[in-house]
Amino acid sequence: MTSLFEEVPRAEDDAVPVRTVSVTVNGERRTVKVEPRLLLAHMIRHGLKLTGTHTGCDTSNCGACTVLLDGRPVKSCTMLAVQADGHEVTTVEGLAGQSELHPVQEGFKDEHGLQCGFCTPGMMLTAKALLDENPDPTEDEVRWALSGNLCRCTGYQNIVKSVLWAARKQRAAAGETGAGE
Amino acid sequence: MTALDEIKIGGLGASRRRVEDNRFIRGKGNYVDDIVLPGMLHMEILRSPVAHARIVSVDTSKAWAIPGVRLVLTGEMMAKRNLAWMPTLSYDTQAVLATDKVRFQGQEVACVIADDPYIAKDACEAIVVEYETLPVVVNPEQALAADAPLIRDDKENQHDNVVFDWEVGDAAGTDRAFAQADLVSKIDLHYPRSHPSPIECCGSIADFDRSTSKLTVYMTTQAPHIIRAAVSLVAELPEHMIRIVSPDIGGGFGNKVPVYPGYVMSILASILLERPVKWIEDKTGNLISTGFGRDVYLRGEMALRKDGRILGVRMHTVSDHGAFFADAQPSKFKIGLMHSAFAAYDIPAAHLLARGVYTNKAPGGVAYRCSFRVTEAMFFQERMVQAAADDLGMDQAEFRRVNFVRDDDFPHRTAFGFLTDSGQYGKCLDVGLEAIGYADFQERKKEAAARGRLLGIGISTMTEPLGAGNSREYDILGIKMFDSAELRVHMTGKALLRTGAKTQGQGHETTWAQIVAHELGLPAEDVVVEEGDTDTAPFGMGTYASRSTPVAGAAVAMVARKIRAKARKLAAHLLEVSEEDVEWELGRFYVRSAPNRGVTIQECAAAAYSNMPDGMEPGLENVAYYDPPNLTWPFACYIATVEVDPQTGVWDVLNFVAVDDCGVRINPMIVEGQIMGGLTEAYAMASMQFITYDAEGNCVGSNYMDYLLPTAWETPGFELHEVVTPCPHHPIGAKGIGECATVGGPAAFVNAVMDALKGFGVRNIDMPMLPDRVHEAITTGRDVSGHPPVRQDD
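Here the structure is a predicted model, which means the values were calculated and not measured.

### Considerations on unusual backbone geometry
Keep in mind that most residues, glycine aside, have a negative phi and that most peptide bonds are trans.
Residue and element names in this part refer to chain B.
Working step 1: At the junction of Met767 and Pro768, the peptide bond is cis and its omega measures out at -10° in the coordinates.
Working step 2: If you trace the backbone, Pro768 turns up in the loop between α18 (740–756) and α19 (771–780).
Working step 3: Along the chain, Pro788 connects to Pro789 via a cis peptide bond; the corresponding omega equals 5°.
Working step 4: In this fold, Pro789 is placed in the segment after α19.
Working step 5: In this model, Arg294 sits at a positive phi of 70°, which is unusual for a non-glycine residue.
Working step 6: Even without being glycine, Asp295 reaches a positive phi, approximately 65°.
Working step 7: Mapped onto the secondary structure, Asp295 falls in strand β15 (residues 293–304).
Working step 8: Relative accessible area serves as the criterion here: at 1%, Asp295 is assigned to the buried category.

Structure (structure tokens):
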């Protein structure tokens, strides 16, 4: 197989088992060969070169590595890449549309919901999953939904505001297009 | 034509949305682990599982045998290159890789460089190290015992575990004050060891190019120029052949100031292998081996007069520095700015005795979101103040007011010798008391008590020294603590600004441009800000200790003024009048006698490249180095109300009011973000966040399951207020703000809980005020100490 990382090609080694993984990442089907022990976070970051997904704690506590698996937030540092085979993965790079930002992204900028930016991708994906399920959350519901994602800079108050901002914007947009909530 | 609207161009006072967010919200940040270089190898560190042991043998043969392993480094190999030890920022030495013995759990013992990090980790596990364990020391009492094992037997003339003894203040004058006292109040505290714990751990990519002899290091550092100087001095590489690049940083809080062994090993490995070597620390490595904060025992006495005036203060501190005295602090004072305590109060005499000790714990004390030791100083101060008010039977707000330095007393020389210059302490307190509903609180407390509920209110008021510093008293490795800014205005009036600071979330890319907008009238969006690359940025001392705005921010204003001075000459030339006849308003020069005749700053910029007067040097760029005349002294008043459940010891924050006076606010939105973040870390320390050790020296708190950080669910809401007293010596009147809330916040929470427990005869519960500790205090009526070794139920 090739190395975990393309930059350093390694000779095929029969002792190292290989699995083929097919995932749809941000709408694009990707097929990669991986060692069975490779973490999903590392496949996304190093194999697929999508470095917006960060790894912070290795123990699934901080949530910096959060991605959406079939629309639900998962911590990609504690999931094997092979477990994602056949599934859809959304990373921060897949949040924005062709021409415009996702309301959650706009909300984080407008309400100063980030400082160093390291936890932000995971926070935004968790927030998106919440709003997909609950378009009109209370502050407590937002705080509970985000409680698996740690932030050391903001104190969360502005993150909560950012998510509520995005919820309002989404509902307004849904109202304009005539779609019900 | 009139002056520009400053808010519209994003100048001072504009809550301008952040420029850096555009990449962060798209996942396009560029953190060190995102950087990939051709041919890059990966490094992992093998750490000691024990806290104190002699190394009998290190067998790396099995590691070398694993395919993909390129290099295995041990202490012995480092020693052959004279690199097994490195100097610390506090004039001690620290092991890069252990040779003789390990002195704390997590100490670096060997490292592996391999084709990918999985292989490197496998190889680390294949290294066999034989240890002969030694008795372990986990607190100062053990360290100072007569039969204590000598931790630093590597040092000549070190016969005990004392790092330093140091004192400051007036011992005789303080004795006299105590002799005159009506009452002496005492308190005994431990400020627990904590870890800044940014979500991103430390890391580096060293890239030595043999063909050019140039070493480039991408690394998580808050101070790239200091690192360049340190690498040059330690590794004896020529400074112009070293380039340190600090890319986006996922939070610093002081953790990313020191030089860590991992950086050094990655550099050596790259030089040996002539390939880029990446080291990305894991969370456990970060928590158990890199710069912690606090871990100080504080004992104090306050001499009081019956009318509530403080006559004098005695402080005695014992600080636990771990195995190596690697404090990252720039002051000439051994215990940092501990003696900034009580600066807000008018106290005639004070004396501080400080002792530092070695223990078998991680080294590298850092200023965790504070100027060095200011957090401990202010916590001690405000706990002492509350105890004194209680002993006097005086209202805690009134006691503070009686002893505050008055508005017309500035400049004021503190009992420990600092010079404070401005503030409206009483006004800040009034705003806070009004906002929290202080007048009605005792009534609410009584009502709640009738229903079996315990309410408490806690105040913390403090001024702290931020912005190291003036070059007389502050330096790192002898380099004075100035900072710098370089501004290039292009011919179209667009500009590039570079500073010697390094943002880690503070928003420099946004706020520095606002200072330029304020000084030159260039729209902030026309100014690009770059930091962190030593090949391009002017020499500066980096970002920590809330020094960016006080020092680098001042340099930005000063360089913009240099640009404006030259632009004035260009304006005079364009307007065909003498320079004395030219007036400035934001964005424009005009003729004094004919205000309609004017030229914009952009027209002046164009002229600098296309139509300068005879004899004038072309171009419009300059650099400023700024050495501040003094520290800045922001003031804060934090007030918390809490409810304690006597059945469980759980306490909840009912309300929290913060009144901050940080002088002129460049970007109010960002200032408020800093305050809320700081308050959350204050809440964290008061409620759950601490690093402790068991009797064997095992670090309890080596991952986020044991080291608790508050989430969005636990974190209370904060109500923010402001008072503005401009700094008299800062070019735009600003003071530091990044750390005030972390420094002043903890005492508000603790004082509130202690206020709620007033009827139980308890004077102190050490932080964090875990429910079991609060419950124990309630049920036993005794103080609860929290120093290590950890208790089974914590």
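### A look at the sheet that holds strand β13 (residues 242–245) of chain B
All names here are of chain B.
Working step 1: Taking strand neighbours across the sheet as the criterion, the seven strands line up as β3-β7-β1-β14-β11-β12-β13 in an open arrangement whose pairing is mixed. Each edge of the sheet is formed by a strand with only one pairing partner; in this case those strands are β3 (69–74) and β13. Here the strands of the sheet are splayed against their neighbours by 20° on average, with no regard to which way each runs.
Working step 2: Direction of pairing for strand β1 (residues 41–47) relative to strand β7 (residues 108–114): antiparallel, over a ladder of six bridges.

### Some words on the side chain of B:Thr503
Residue and element names in this part refer to chain B.
Working step 1: For Thr503, the position within the fold is in the loop between β24 (495–499) and α14 (508–520).
Working step 2: By relative accessible area, Thr503 is classed as buried at 10%.
Working step 3: Reaching out from Thr503, the side chain makes a polar contact with the backbone nitrogen of Gly507 at a distance of 3.2 Å.
Working step 4: In terms of polar contacts, Thr503 uses its side chain to reach the backbone amide nitrogen of His508, at 3.4 Å.
Working step 5: Apart from residues no more than four positions distant in its own chain, Thr503 is found in contact with Ile249, His508, Glu509, Glu531 and Thr543.

### Considering the pairing of strand β27 (residues 588–591) of chain B
Residue and element names in this part refer to chain B.
Working step 1: With burial as the criterion, each face of β27 is covered, one bearing Arg588 and Tyr590 and the other bearing Phe589 and Val591.
Working step 2: Direction of pairing for strand β26 (residues 582–585) relative to β27: antiparallel, over a ladder of four bridges. The partner of Val582 across the bridge, within β27, is Val591.
Working step 3: The loop that links β26 with its antiparallel partner β27 comprises two residues; one of these, Gly587, has a positive phi angle of about 90°.
Working step 4: Across four bridges, the pairing between β27 and strand β28 (residues 594–600) is antiparallel. Note that in β28 the partner of Tyr590 across the bridge is Gly598.
Working step 5: Once β27 ends, the chain turns through two residues before running back antiparallel as β28.

Conventions and cut-offs
- Residues numbered from 1 in each chain as written.
- Chains lettered and ligands numbered in written order.
- Predicted model: local features only at pLDDT ≥ 70, side-chain atom pairs only at ≥ 80, totals over all residues.
- Heavy atoms only, no water.
- Helix = DSSP H or I, 4+ residues; strand = E, 2+ residues; numbered from the N terminus.
- Buried < 20%, exposed > 50% of the residue type's maximum accessible area, 1.4 Å probe, protein only.
- Pairing = 2+ DSSP bridges.
- Axes fitted to C-alpha atoms, helices over the stretch in contact; angles between N-to-C directions.
- Polar contact = N/O pair within 3.5 Å; in protein donor to acceptor, adjacent residues only side chain to side chain.
- Contact = heavy atoms within 4.5 Å.

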